[in-house]
Amino acid sequence: MWIAVGVIAVLVLVGLVVWWLLRGPDEDEDPSSDDDFAVERRWDWEFQLTEEQEKALMEGLQAYHKSKDGPIHVHSENAQVLLFAPHTVISLYFLAHRFVALGPEAVSYPVSSVGRLLDECADKEQPGVLHLRDDWFPDAGVDGMDTSAFADLVMDVLMKHPDQRVTGGSWNGDSLVETDVRATGRTLGDDRSALGEDMQEAMQHGASSDEAFERAYSRQQADRSRHTNHLVLDLARVLDHYGPARQAQPQTPPVDLLRMILPRMVASEIPGVLWIRPATDDERTILSDAAWNDGA
């Protein structure tokens, strides 16, 4: 029982941290600390790089963060870099691949190399880069829904179904909805079981319950990053599809319109959808089929 309570508490805490990080900085607020630019050699995207290359990449990101073009936020666990002017989400898988492609020059001149890459991402949306719009939701609302209700309905379509391979849904309070897809067959129940086993092992080696939980949870999250893909969805682009669908089907309930729109979006390379690493056919099919399912 106490393990389950601990897991729930951590998940709530992580959700609050993600919301705070994605909402954008206040004028006097620094969204990143030095720890955000640490070389951890823990997350799956990091192993596209040698340790020397990753140190150079992080040096360049930190310099950009402190420059006139910053601030930015680096979230290694979710493999994301967030730019706030303009508001852009960049996959660290994509950025690492582009950094390596620059060759030895990137390691020798990391500040200018990373600066060019980030400027290119800010200028051009492409697979691995998602641009977001400000003031995207009409003041008059849509079908009687405000921004929160529209986001909640999108989340319901993506998350309210029996497929446990789709987990971790969240909304950042503006135009970003995110969820995780795992095509390996492991479920949340499997993760909880493994967490308990890892805790017991750590405690047998002298760790306190708190230390054991921290070690086990850290190990589990690193393992998840190797087997889980992360989807970032722009609600403004969902709304772009919703308007024409509503005109074509004026009597269809909003949730049913979204059950037609969202599967097509997540199953394709349509603008407004960012897979943190290139999605497999299985990952696309899992999320698309789940969005079609009404949970009945």
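Residues numbered from 1 in each chain as written. Predicted model: local features only at pLDDT ≥ 70, side-chain atom pairs only at ≥ 80, totals over all residues. Heavy atoms only, no water.

Taken as a whole, this structure holds 4 aromatic pairs when the rule is applied. A centroid spacing of 6.4 Å and a plane angle of 55 degrees characterise the contact between Trp 136 and Phe 150, whose relative ring orientation is tilted. In this pair, Trp 136 is assigned in the loop between strand 4 (129-131) and helix 6 (147-159) and Phe 150 in helix 6, connecting sequence segments 14 residues apart. Phe 150 carries the same exposure label as Trp 136, and that label is buried. Look at Phe 137 and Phe 150: their rings are 5.8 Å apart centre to centre, the planes differ by 45 degrees, and that puts the pair in the tilted class. (Phe/Tyr/Trp six-rings, centres within 6.5 Å; stacked < 30°, edge-to-face > 60°. Helix = DSSP H or I, 4+ residues; strand = E, 2+ residues; numbered from the N terminus. Buried < 20%, exposed > 50% of the residue type's maximum accessible area, 1.4 Å probe, protein only.)

Another aspect to go through is the nonpolar core. Grouped together as the largest cluster of nonpolar side chains are 37 residues, with contacts concentrated most on Trp 45, Leu 61, Val 81, Ile 90 and Leu 95. Counting residues per element, the ones that place at least two in this core are helix 2 (51-66), strand 1 (72-75), strand 2 (80-84), strand 3 (87-91), helix 3 (92-101), helix 5 (110-123) and strand 4. In this structure, Phe 137, Ala 236, Met 265 and Trp 275 belong to the second largest nonpolar core, which totals 35 residues. (Core = buried A, V, L, I, M, F, W, Y, C linked by side-chain atoms within 4.5 Å.)

In this section: the sheet that holds strand 1. Paired through backbone hydrogen bonds, the strands of a sheet run either parallel or antiparallel to each other. Taken in spatial order, the 4 strands make up an open sheet running 1-2-3-4, and their pairing is antiparallel. Edge strands, defined here as strands with exactly one partner in the open sheet, are strand 1 and strand 4. The mean angle between the axes of side-by-side strands here comes to 15 degrees, regardless of whether they run parallel or antiparallel. Examined bridge by bridge, strand 2 and strand 3 share 5 bridges and lie antiparallel to one another. (Pairing = 2+ DSSP bridges. Axes fitted to C-alpha atoms, helices over the stretch in contact; angles between N-to-C directions.)

Right, let's get into the environment of Leu 153. Take Leu 153: it is sitting in helix 6. Separated by 102 residues in the primary sequence, Leu 153 and Val 255 place their C-alpha atoms 6.6 Å from one another. Setting aside chain neighbours within four positions, we find Leu 153 in contact with Met 145, Pro 254, Val 255 and Leu 258. (Contact = heavy atoms within 4.5 Å.)

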